[in-house]
Amino acid sequence: MSTIAQNLQAVDHTIVAAAKACGRARDDILLLAVSKTFPPEAVLEAMAGGQRAFGENYLQEALDKQQAVHAAAPDVQVEWHFIGPIQSNKTRPISENFAWAHTVDRLKIAQRLSEQRPAGMGPLNICLQVNISGEASKSGISAAELPELARAVALLPNLRLRGLMAIPEPEADPARQRAPFARLREMLEQLRDAGLAVDTLSMGMSADMAAAIAEGATIVRVGSAIFGSRTYE
Ligand SMILES: *Cc1c(COP(=O)(O)O)cnc(C)c1O
């Protein structure tokens, strides 16, 4: 078995244990393998280990990788998620080549993604990125502005608003990792109370996936624990 396939098993065990510890079903949590900076061969190894959902941050790298993976394994259905910052001039290829975008934080970006989603592909699944740690990050909408953005995005015809995504500041102490994830869960619950049909919390990475699962993560985005450490971001 390849190292990547072994790592996938280890990550799966972490997810199983974290889900069990809080009485959740393993199948309610999607493992998104974050393959940024790694070559198509790494994705193919993960696919051989059973992995089907992959997250990418850099558009051109992602498009090249998608082509190479599809050429090598044309019969395997892979689900691609865009998880990097989205500039206006990147919306068309994102809407044409991904099943999900996790990092929408402006209405203008959402409108473009909706307008540019090809007919017949079905709606693009959207998570709104929330700036959960305040000033530390420049990406993400503030908690105060979230409800209005969510209402507007939910009305766009070719998008399906699924939920929220956040990248908290790194916190090494597991006991303190849960607080920002709990805040994101509460924000999702408020959107639900306001009548939006949202079901997704995209939160948790290699170092904090167990804490995120304890607070309700439905997608964990895991890179280095599967593919090894990155030599660049
Ligand atoms: C790189 C990245 C990840 C994966 O991080 P690891 O610490 O390698 O698991 C998850 N989410 C986003 C948005 C990323 O950019």
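Residues numbered from 1 in each chain as written. Predicted model: local features only at pLDDT ≥ 70, side-chain atom pairs only at ≥ 80, totals over all residues. Heavy atoms only, no water.

1. A word on helix H7 (residues 174-193)
Part 1 of the reasoning: Over its 20 residues, H7 extends 30 Å from the first C-alpha to the last, a length consistent with the 28 Å expected when each residue adds 1.5 Å.
Part 2 of the reasoning: Each element contacted by the buried residues of H7 is listed here: helix H6 (146-154), strand E6 (159-165), strand E7 (200-202) and helix H8 (209-214).
Part 3 of the reasoning: Capping the start of H7 is the job of one residue whose side-chain oxygen sits 3.0 Å from the backbone nitrogen of Ala175: Asp173.
Part 4 of the reasoning: Positive phi appears at Gly195, one or two residues downstream of H7, with a value of about 100 degrees. (Helix = DSSP H or I, 4+ residues; strand = E, 2+ residues; numbered from the N terminus. Expected span 1.5 Å × (residues − 1). Contact = heavy atoms within 4.5 Å. Polar contact = N/O pair within 3.5 Å; in protein donor to acceptor, adjacent residues only side chain to side chain.)

2. What about the site of the ligand?
Part 1 of the reasoning: Around the ligand sit 13 residues, and of these Lys36, Asn57, Ser206, Ser224 and Arg230 come closest.
Part 2 of the reasoning: In this structure, an oxygen atom belonging to the ligand sits 2.5 Å away from a side-chain N or O atom of Ser206.
Part 3 of the reasoning: Against a free-state accessible area of 390 Å², the protein chains account for coverage of 89% of the ligand.
Part 4 of the reasoning: When grouped by side-chain class, the residues that make up the shell around the ligand number six nonpolar, four polar and three charged. (Near = heavy atom within 4 Å. Areas by Shrake-Rupley, 256 points an atom, 1.4 Å probe, with all protein chains shown as cover. Nonpolar A, V, L, I, M, F, W, Y, C, P; charged D, E, K, R; others polar.)

3. As for the pattern of salt bridges
Side chains that differ in charge, positive against negative, can pair when their charged atoms come close.
Part 1 of the reasoning: Counted under the stated rule, the structure contains eight salt bridges.
Part 2 of the reasoning: When the shortest N-O distance is used, the salt bridge between Glu171 and Arg176 registers 3.9 Å.
Part 3 of the reasoning: For Glu171, a relative accessible area of 29% corresponds to the partly exposed category.
Part 4 of the reasoning: Salt bridges linked by common partners bring Arg178, Arg185, Glu189 and Glu215 together as one network. (Salt bridge = Lys/Arg side-chain N within 4 Å of Asp/Glu carboxyl O. Buried < 20%, exposed > 50% of the residue type's maximum accessible area, 1.4 Å probe, protein only.)

4. Topic: the UniProt feature "modified residue: N6-(pyridoxal phosphate)lysine" (unreviewed entry) in the protein chain
Part 1 of the reasoning: Mapped onto the present numbering, the UniProt feature "modified residue: N6-(pyridoxal phosphate)lysine" (unreviewed entry) falls at Lys36.
Part 2 of the reasoning: Tracing the sequence through the fold places Lys36 in the loop between strand E1 (30-34) and helix H2 (40-48). (UniProt positions renumbered as here; feature names shortened; annotations may be inferred.)

5. Remarks on the pairing of E1
Part 1 of the reasoning: E1 sits mainly inside the fold: four of its five residues count as buried.
Part 2 of the reasoning: Where E1 lies against strand E8 (residues 219-222), four bridges are found, and the strand directions are parallel. Of the residues in E8, the one forming a bridge with Leu32 is Arg221.
Part 3 of the reasoning: Relative to strand E2 (residues 53-56), E1 runs parallel, the two being bridged by two bridges. Residue pairing for E2: Val34 is matched across the bridge by Gly55.
Part 4 of the reasoning: Note on the crossover from E1 through H2 to E2: the handedness is right-handed. (Pairing = 2+ DSSP bridges. Right-handed = clockwise from strand over helix to strand, strands pointing away.)

6. Remarks on the packing of H2 against helix H3 (residues 59-72)
Think of two packed helices as two axes; the pair is described by the angle between the axes and how far apart they sit.
Part 1 of the reasoning: Direction vectors running N to C along H2 and H3 enclose 50 degrees, while the axes themselves pass 9 Å from each other. The angle between H2 and H3 places the two elements in the oblique class. Seen along the crossing, H2 lies across H3 with a hand that is right-handed. Between H2, through Pro40, Val43, Leu44 and Met47, and H3, the contact on the second element is made entirely by Lys65, Ala68, Val69 and Ala72.
Part 2 of the reasoning: Here the residues of the contact of H2 with H3 sort into seven nonpolar, no polar and one charged. (Axes fitted to C-alpha atoms, helices over the stretch in contact; angles between N-to-C directions. Parallel < 35°, antiparallel > 145°, perpendicular 65-115°, else oblique. Left-handed = near helix turned anticlockwise from the far one by under 90°.)

7. Observations regarding H2
Part 1 of the reasoning: Pro40, Ala42, Val43, Ala46 and Met47 are the residues of H2 that are buried. The buried residues of H2 occupy an angular sector of 160 degrees when the element is viewed end-on, so they sit on one face. Across H2 from its buried face, at more than 90 degrees, point the exposed residues Glu41 and Ala48.
Part 2 of the reasoning: Lining the buried residues of H2 we find helix H1 (3-21), E2, H3, strand E3 (79-82) and helix H9 (224-227).
Part 3 of the reasoning: Count one or two residues on from H2 and you reach Gly50, which has phi positive near 100 degrees. (Arc of directions from axis to C-beta.)

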